[in-house]
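Okay, here's what each chain looks like letter by letter:
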Amino acid sequence: MKNQLTYLALGDSYTIGEDVVESESFPNQLQHQLEAEGLSIATPMIIAKTGWTSSELQEAIALHQTLKGQQFDFVTLLIGVNNQYRAESKASYREEFKGLLQTAIHFAHSNPKNVFVLSIPDWGVTPYGMKSGRDLAIITTEIDEFNGVNREETLALGVNYTDITSISRLAFSDPEGMIAADGLHPSAQMYHQWVVQLVPIVIKRLK
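Throughout what follows, the structure given in this document is the object of discussion. Note that this is a predicted model, so its numbers are computed, not measured.

1. Details of the side chain of Asn28
- Within the element layout of this structure, Asn28 appears in helix α2 (residues 26-36).
- Under the relative-accessibility criterion, Asn28 is labelled buried at 7%.
- At 2.9 Å, the side chain of Asn28 and the side chain of Ser25 are in polar contact.
- Apart from residues no more than four positions distant in its own chain, Asn28 is found in contact with Glu22, Ser23, Pro44 and Ile46.

Listed below in structure tokens is the structure:
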């Protein structure tokens, strides 16, 4: 039997797959697609919770006893939408995100090439966003600005960066196909499109 590769997924509701079944979350879909490509991947360890900001993810990692001393073959990181939603500053997000990147690299055997960052989706184009009373143009602008921060810090450390924000904006014209029943979070179909973007990048590093 092949040695199983280990996978740590860090994030918020977009990582746990809020309002889809567990197997349809993007970490689990990524595991299954990588196995279809001939890799053996252990069940992902997922450290994520709906509503978490970057600082709350940092705190949770620090308190997570089962993570202590562990190393993983690869790590994904997707965080920041709740910073934007709560109107937290981009300056504080930058510092917290840099810390999370360093943490992710540490967990990936100190190899930045085995860390995979995803950009923040645009929740403003969802049915929930459109009914929220918030200015949708401001949401889009701020999501782009937060993504500018995480992209800059990711590339500065030589970490892989995947832009899935443009995929998230397809929900504007196809909310039934791309958004879960709650009207806010991605559907299994949208997560599948993220995974299609990720698989060749991850395979290139792990094979």
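After that view of the structure, there is still more to cover.
2. Structural notes on the environment of Gln189
- Structurally, Gln189 is set in helix α10 (residues 188-206).
- According to the relative accessible area criterion, Gln189 is partly exposed, its value standing at 40%.
- Spatially, the C-alpha atom of Gln189 lies 8.3 Å from that of Ile179, the residues being 10 residues apart in sequence.
- Sequence-distant contacts of Gln189, that is, excluding residues within four places in its chain, are made with Asp174, Gly177 and Met178.

3. Considering the packing of helix α3 (residues 54-63) against helix α5 (residues 90-107)
- As a packed pair, α3 and α5 sit with axes 9 Å apart at the nearest point and diverge in direction by 35°. Here α3 and α5 pass one another in a crossing that is left-handed. Facing Ser54, Ser55, Leu57, Gln58 and Ile61 of α3, the residues of α5 in contact are Tyr93, Glu96, Gly99, Leu100, Thr103 and Phe107.
- For the contact of α3 with α5, the residue count by class is five nonpolar, five polar and one charged.

4. Quick notes on the packing of aromatic side chains
- Scanning the model with the defined rule gives 10 aromatic pairs in all.
- Ring geometry for Phe26 versus Trp194: centroids 5.8 Å apart, planes at 55°, classification tilted. Here Trp194 lies in helix α10 and Phe26 lies in helix α2, a separation of 168 residues in the sequence.
- Residue Phe26 is classed as buried on the basis of its relative accessible area of 1%.
- Relative to Phe116, the ring of Phe74 has its centre 6.4 Å away and its plane inclined at 80°; by these criteria the two rings are edge-to-face. Of this pair, Phe74 sits in strand β3 (residues 74-77) while Phe116 sits in strand β4 (residues 115-118), and the two are 42 residues apart along the sequence. There is no split in this pair, since Phe74 and Phe116 are both buried.
- Taken together, Tyr14, Phe26, Tyr191 and Trp194 form an aromatic cluster joined through their ring pairs.
- One residue, Arg134, lies across the ring of Tyr85, its end atom 4.8 Å from the ring centre.

5. Overview of the sheet that holds β4
- The sheet built from five strands is open, its strands ordered β2-β1-β3-β4-β5 with parallel pairing. At either end of the open sheet lies a strand with only one pairing partner, and these are β2 (45-48) and β5 (160-162). Neighbouring strand axes in the sheet, compared pairwise and without regard to direction, differ in orientation by 15° on average.
- Taken together, the four bridges between strand β1 (residues 7-11) and β3 define a ladder with parallel strand orientation. If you follow Ala9 over to β3, its bridge partner there is Thr76.
- The strands that α5 touches are β1, β3 and β4; relative to β3, the one it contacts most, it runs at about 160°.

The rules we used
Residues numbered from 1 in each chain as written. Predicted model: local features only at pLDDT ≥ 70, side-chain atom pairs only at ≥ 80, totals over all residues. Heavy atoms only, no water. Helix = DSSP H or I, 4+ residues; strand = E, 2+ residues; numbered from the N terminus. Buried < 20%, exposed > 50% of the residue type's maximum accessible area, 1.4 Å probe, protein only. Polar contact = N/O pair within 3.5 Å; in protein donor to acceptor, adjacent residues only side chain to side chain. Contact = heavy atoms within 4.5 Å. Axes fitted to C-alpha atoms, helices over the stretch in contact; angles between N-to-C directions. Left-handed = near helix turned anticlockwise from the far one by under 90°. Nonpolar A, V, L, I, M, F, W, Y, C, P; charged D, E, K, R; others polar. Phe/Tyr/Trp six-rings, centres within 6.5 Å; stacked < 30°, edge-to-face > 60°. Lys NZ or Arg CZ within 6 Å of the ring centre and 35° of its normal. Pairing = 2+ DSSP bridges.

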